[in-house]
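Summary of structural features
Each chain is listed here by its residues.
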There are 2 protein chains.
Amino acid sequence: MSQIRQIALHLTAVLFLACLIQGELAWISELPGSRMPEEQNDADIFQEYQLAMESVWEELEWFPVPLSDTNPQAEVAFENSWMAERNYGGKRRHEGTDLIASIEQAGYYPVVSITDGTVEKVGWLEKGGWRIGIRSRNGNYFYYAHLHSYASDWKAGDTVQAGELLGYMGDSGYGPEGTTGQFPVHLHLGIYLPLGADQETAINPYWMLCYLEDRKLVYAY
Amino acid sequence: MSQIRQIALHLTAVLFLACLIQGELAWISELPGSRMPEEQNDADIFQEYQLAMESVWEELEWFPVPLSDTNPQAEVAFENSWMAERNYGGKRRHEGTDLIASIEQAGYYPVVSITDGTVEKVGWLEKGGWRIGIRSRNGNYFYYAHLHSYASDWKAGDTVQAGELLGYMGDSGYGPEGTTGQFPVHLHLGIYLPLGADQETAINPYWMLCYLEDRKLVYAY
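Conventions used here
- Residues numbered from 1 in each chain as written.
- Chains lettered and ligands numbered in written order.
- Predicted model: local features only at pLDDT ≥ 70, side-chain atom pairs only at ≥ 80, totals over all residues.
- Heavy atoms only, no water.
- Helix = DSSP H or I, 4+ residues; strand = E, 2+ residues; numbered from the N terminus.
- Buried < 20%, exposed > 50% of the residue type's maximum accessible area, 1.4 Å probe, protein only.
- Contact = heavy atoms within 4.5 Å.
- Areas by Shrake-Rupley, 256 points an atom, 1.4 Å probe, with all protein chains shown as cover.
- Patch = residues over 30% accessible without salt bridge, like charges linked within 9 Å, V, L, I, M, F, W, Y side chains within 5 Å.
- Salt bridge = Lys/Arg side-chain N within 4 Å of Asp/Glu carboxyl O.
- Lys, Arg positive; Asp, Glu negative; His and termini not counted.
- Charge placed at Lys NZ, Arg CZ, Asp CG, Glu CD.
- Domains from an automatic or database assignment.
- Buried area = accessible area lost by both parts, 1.4 Å probe.
- Nonpolar A, V, L, I, M, F, W, Y, C, P; charged D, E, K, R; others polar.
- Phe/Tyr/Trp six-rings, centres within 6.5 Å; stacked < 30°, edge-to-face > 60°.
- Lys NZ or Arg CZ within 6 Å of the ring centre and 35° of its normal.
- Pairing = 2+ DSSP bridges.
- Polar contact = N/O pair within 3.5 Å; in protein donor to acceptor, adjacent residues only side chain to side chain.
- Disulfide = S-S within 2.5 Å.

Side note on the overall build of chain A
- Secondary structure assignment for chain A yields three helices and 14 strands.
- Per-residue burial over chain A gives 45% buried out of 221 residues.
- Taking as baseline every contact in chain A between residues at least 6 positions apart, the subset at least 24 positions apart corresponds to 64%.
- Summing over all exposed atoms, chain A offers an accessible surface of approximately 11100 Å²; the carbon and sulfur share of this is 52%.

Looking at a negative patch on the surface
- On the surface, a cluster of negative charge is contributed by Glu213 and Asp214 of chain A together with Glu213 and Asp214 of chain B.
- Residue position: Asp214 of chain A is located in the loop between helix H3 (206-212) and strand S14 (218-219).

Things to note about the domain arrangement of chain A
Residue and element names in this part refer to chain A.
- What the domain assignment lists for chain A is domain 1 (3-54) and domain 2 (62-219).
- Summing the contributions of domain 1 and of domain 2, the shared interface buries around 400 Å²; its carbon and sulfur component is 78%.
- In terms of surface lost to domain 2, no three residues of domain 1 exceed Tyr49, Ala52 and Met53, which account for 84% of the buried area on that side.
- Run the count over domain 1 and domain 2 and you get zero salt bridges.
- Here the residues of the side of domain 1 that touches domain 2 are counted per class, giving three nonpolar, no polar and one charged.

Focus on the packing of aromatic side chains
Residue and element names in this part refer to chain A.
- Per the stated rule, a full pass over the model turns up 32 aromatic pairs over all chains.
- Ring centres of Trp130 and Tyr150 lie 6.3 Å apart, and the angle between their planes is 75°; this geometry places the pair in the edge-to-face category. Within this pair, whereas Trp130 is found in strand S8 (residues 129-136), its partner Tyr150 is found in strand S9 (residues 141-150), the two being separated by 20 residues in sequence.
- Looking at Lys216, its charged tip hangs above the ring of Phe63, at a distance of 4.6 Å from the centre.

So, the pairing of S8 of chain A
Residue and element names in this part refer to chain A.
- Across the eight residues of S8, six count as buried, placing the element largely inside the fold.
- Pairing between strand S7 (residues 117-125) and S8: eight bridges, direction antiparallel. Considered in S8, the bridge of Gly123 is made with Arg131.
- Count of turn residues in the S7/S8 antiparallel hairpin: three residues.
- Of the strand pairs in this sheet, S8 and S9 are connected by five bridges, and their pairing is antiparallel. Counted as the bridge partner of Arg135 is Tyr141 from S9.
- Where S8 folds back on S9, the antiparallel hairpin that results is connected by four residues, among which Gly139 adopts a positive phi of roughly 90°.

A word on the pattern of salt bridges
Residue and element names in this part refer to chain B.
- Overall, the coordinates contain eight salt bridges over all chains when judged by the stated rule.
- Where Asp116 meets Arg137, a salt bridge forms, and the shortest distance between an N and an O atom there is 2.8 Å. Of this pair, Asp116 sits in the loop between strand S6 (110-112) and strand S7 (117-125) while Arg137 sits in the loop between strand S8 (129-136) and strand S9 (141-150); the two residues are 21 residues apart in sequence, bridging distant segments of the chain.
- Among the ionic pairs, Lys155 bridges to Asp153, the shortest N-O distance being 3.0 Å.

Remarks on the side chain of Asn204 of chain B
Residue and element names in this part refer to chain B.
- In this fold, Asn204 is placed in the loop between strand S13 (201-203) and helix H3 (206-212).
- One polar contact links Asn204 to Asn80, side chain to side chain, over a distance of 2.9 Å.
- Only 3.0 Å separates the side chain of Asn204 from the backbone nitrogen of Tyr206, close enough to count as a polar contact.

Quick notes on the environment of Thr97 of chain B
- Tracing the chain through its elements places Thr97 of chain B in strand S5 (residues 97-101).
- Between the C-alpha atom of Thr97 of chain B and that of Ser81 of chain B, which follows or precedes it by 16 residues, the distance is 6.3 Å.

Some points on the state of the cysteines
- Applying the stated criterion to the full structure yields zero disulfides over all chains.
- Unpaired in this structure, Cys210 of chain A has its nearest cysteine sulfur neighbour in Cys210 of chain B, at a distance of 12 Å.
- Accessibility expressed as a relative area gives 9% for Cys210 of chain B, which makes it buried.

Re the side chain of Asp171 of chain A
- Along the polypeptide, Asp171 of chain A turns up in the loop between strand S11 (165-169) and strand S12 (186-193).
- One buried charged residue, Asp171 of chain A, remains without a salt bridge, the closest side chain of opposite sign being Arg86 of chain A at 15 Å.

Brief notes about unusual backbone geometry
- You will see that Tyr174 of chain A, though not glycine, has its phi angle at about 65°, which is positive.
- Here Tyr174 of chain A is to be found in the loop between S11 and S12.
- Phi is positive for His146 of chain B, which is not a glycine, with a value near 70°.
- Tracing the sequence through the fold places His146 of chain B in strand S9.
- Owing to a relative accessible area of 6%, His146 of chain B belongs among the buried residues under this scheme.

Structural notes on the pairing of strand S5 (residues 97-101) of chain A
Residues and elements named next belong to chain A.
- Within S5, four of the five residues are buried, which leaves it mostly tucked inside the rest of the structure.
- With two bridges joining them, strand S2 (residues 76-77) and S5 adopt antiparallel strand pairing. Following the sheet pairing, Val76 is matched in S5 by Ala101.
- Sheet topology note: the S5/S12 ladder contains four bridges and is antiparallel.

Below you can see the structure in the form of structure tokens.
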């Protein structure tokens, strides 16, 4: 075999194996001027992400903490703490928004479901305390943590309506079951999309809470 | 050179070139049990998208159409028409939000910049009519279309402040320069992120306009 023929053969093998390693042979048939596969893939992921975000926005109905019919001092404050540092249980990032009670009394504020959905998780978590996780109709996960108590004996699979009472705001968590008082009374809200490797992509609830501020129920408390 | 040695040499060359083609040598040092490169890539893209979205939310300052200090009937209505079909200029999807005037009079409503930024594009577009495109501080593109007229003789590079008068709402577009009256008076708002192959990823402005509804300036008109 001539040396040139050998080199040509090797180059062909290299290209063929490179294609296999990339997991696709698609670019061979790519038309000139069309996008590179990687960029196309990025665009698909943007699109997927965007549709997933739309699916959350569209199903938002009620601010999670209703107004009091009698006490105008009963308010909650929240700020954009997306990815702020948290230290309990090792350095980690804050994947949610805290709604801080103006009245420091566990069990006082009602917490309602933002969306229609189904109870998926309920009970104690070391970091989350008494928590409830609602899977919405569009398949998104709404995580309400640090509750004082539950409004009913929730079981996985129970249906909830947007605006339905889930429980009461508290200061549970950061320790073994029943731990309270490790931080001020507040509601931690997390929203997770069924995207990515673990199907649990956290998004920032802050802007959604801003949107819901004009959508508050009034409860007797 | 023995045949085995030759094969080994070729395999090394194949692997090396495959790495180069993939544009990265990173996977060589990948630990067992870590995510597949593709999944990691997806997660990176989610992260990139999410940060880009944050960069838009954070810079939103004013609703693009101020209130009138004298005429409470001067309102705008808008709905979520994200990706609704549009027919002018071929079938396409609506990449923005239309703010529809309650008073059908071109040149009546002021249009202000939502963000600080710099004028990037100004002048006539067949689909957009008299338009102005503002590149915000965070590098996002805010596109205001179908204007009746401009507030000043804008040039690319001019600095604008959030809340600054850009021009007046109209019904220009859908034809050669100067065409008007092809549709009701409205402002088309588009928001584009510098992401993806063309660095122009449209996002849905609807939820951002909902957020800005509580942030309206009052102008004399």
